[in-house]
Amino acid sequence: MGIYKALKKRSEDPNWRPRNKERMLQRIEEGIKRNEKIVADNRNPAKVSLAQTKLQFLRTKKEEISNY
């Protein structure tokens, strides 16, 4: 399961906190880089749109987790 799906599922619980904050931030950063590459390289509008949605979500979660 990718970081996007994992975070979507886990964030349904408002009391959820990552066990290892640094590892979670690292995985989020990897997901951000992967989706930025998709946006930059791909010409398929559906893939780009999904990647942009994921980027927005991952950046928001990165900010939230950084503040824990």
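Owing to the predicted nature of the structure, the values given are computational and were not obtained by experimental measurement. As a convention, each chain's residues are numbered from 1 in the sequence order in which they are written. Residues qualify for local features only when their pLDDT is at least 70, as the model is predicted, and side-chain atom pairs are given and counted only at 80 or more; totals for whole chains, interfaces and linings, by contrast, use all residues. Heavy atoms from the whole structure form the basis of all side-chain values; hydrogens and water molecules are not counted.

Student: Even after reading the chapter, I still don't get the overall build of the chain, so can you show me in this structure?
Tutor: Counting from the N terminus, the helices are DSSP H or I runs at least four residues long and the strands are E runs at least two residues long. When helices and strands are counted, the chain shows three helices and zero strands. Going from N to C terminus, the chain has its helices and strands arranged as α-α-α. For the chain, the spread of C-alpha atoms along the principal axes amounts to about 40 × 20 × 20 Å. Whether a residue is buried, partly exposed or exposed follows from its accessible area with a 1.4 Å probe, protein chains only, as a fraction of its type maximum: under 20%, in between, or over 50%, in that order. Counting every position in the chain, which comprises 68 residues, the buried fraction comes to 28%. Surface accessibility of the chain: about 5100 Å² in total, with carbon and sulfur atoms responsible for 46%. The sign given to each residue is positive for Lys and Arg and negative for Asp and Glu; His and the chain ends receive no count. Note on charges: their place is set at NZ of Lys, CZ of Arg, CG of Asp or CD of Glu. Both charge centroids of the chain, one from 18 positive and one from 9 negative side chains, sit 5 Å from each other. Per-residue and other accessible areas follow the Shrake-Rupley method at a 1.4 Å probe size, with only the shown protein chains counted as cover for residues.

Student: Looking at this structure, how should I read the packing of helix α1 (residues 3-10) against helix α2 (residues 21-41)?
Tutor: A pair of packed helices can be characterised by two numbers: the angle between their axes and the separation between those axes. Axes, fitted as lines to C-alpha atoms, cover a helix only where it is in contact. Angles between the N-to-C directions of the axes lie from 0 to 180 degrees. At a minimum axis separation of 10 Å, α1 and α2 run at an interaxial angle of 125°. Relative to α2, the element α1 lies oblique. Only M24, R27, I28, G31 and R34 of α2 make contact with α1, whose side of the interface consists of I3, L7 and R10. In the scheme used here, Gly and all other residues not listed as nonpolar or charged are polar, with Ala, Val, Leu, Ile, Met, Phe, Trp, Tyr, Cys and Pro taken as nonpolar and Asp, Glu, Lys and Arg as charged. Tallied by class, the residues present in the contact of α1 with α2 amount to four nonpolar, one polar and three charged. Note that the term roughly parallel is reserved for angles under 35 degrees, roughly antiparallel for angles over 145, roughly perpendicular for angles of 65 to 115, and oblique for everything else. Whether two residues touch is decided by their heavy atoms; if any such pair falls within 4.5 Å, the residues are in contact.

Student: Can you help me understand the packing of aromatic side chains in this one?
Tutor: The description of two aromatic rings rests on the distance between their centres and on the angle between their planes. Centre distance within 6.5 Å is the pairing criterion for rings of Phe, Tyr and Trp, where only the six-membered ring of Trp is used; planes under 30 degrees apart are then read as stacked, over 60 as edge-to-face, and the remainder as tilted. For the coordinates displayed, the defined rule picks out one aromatic pair. Pairing Y4 with F57 gives two aromatic rings, centres 5.3 Å apart and planes at 80°, and the pair type is edge-to-face. A residue pair is termed long-range when its members are at least 10 positions apart, and Y4 in helix α1 and F57 in helix α3 (residues 45-66) qualify at 53 residues. Note on F57: relative accessible area 15%, which makes it buried. Here the guanidinium or amino end of K8 rests over the ring plane of F57, the centre of that ring lying 5.0 Å away. A positively charged side chain is recorded as over a ring if its NZ (Lys) or CZ (Arg) lies within 6 Å of the ring centre. The angle to the ring normal must also be within 35 degrees. If you follow R17 out to its NZ or CZ, it ends over the ring of Y68, 4.1 Å from the centre.

Student: Got a minute to help me understand the packing of α1 against α3 in this structure?
Tutor: The geometry of α1 relative to α3 is characterised by a closest axis approach of 11 Å and an angle of 60° between their N-to-C directions. For the element pair α1 / α3, the angle class is oblique. For the pair α1 and α3, the crossing hand works out as left-handed. The segment α1 lies against α3, with I3, Y4, L7 and K8 engaging T53, K54, F57, L58, K61 and I65. Residues that form the contact of α1 with α3 fall into these classes: six nonpolar, one polar and three charged. Crossing handedness: left-handed means the near helix sits turned counterclockwise from the far one by under a right angle, and right-handed means the same turn made clockwise.

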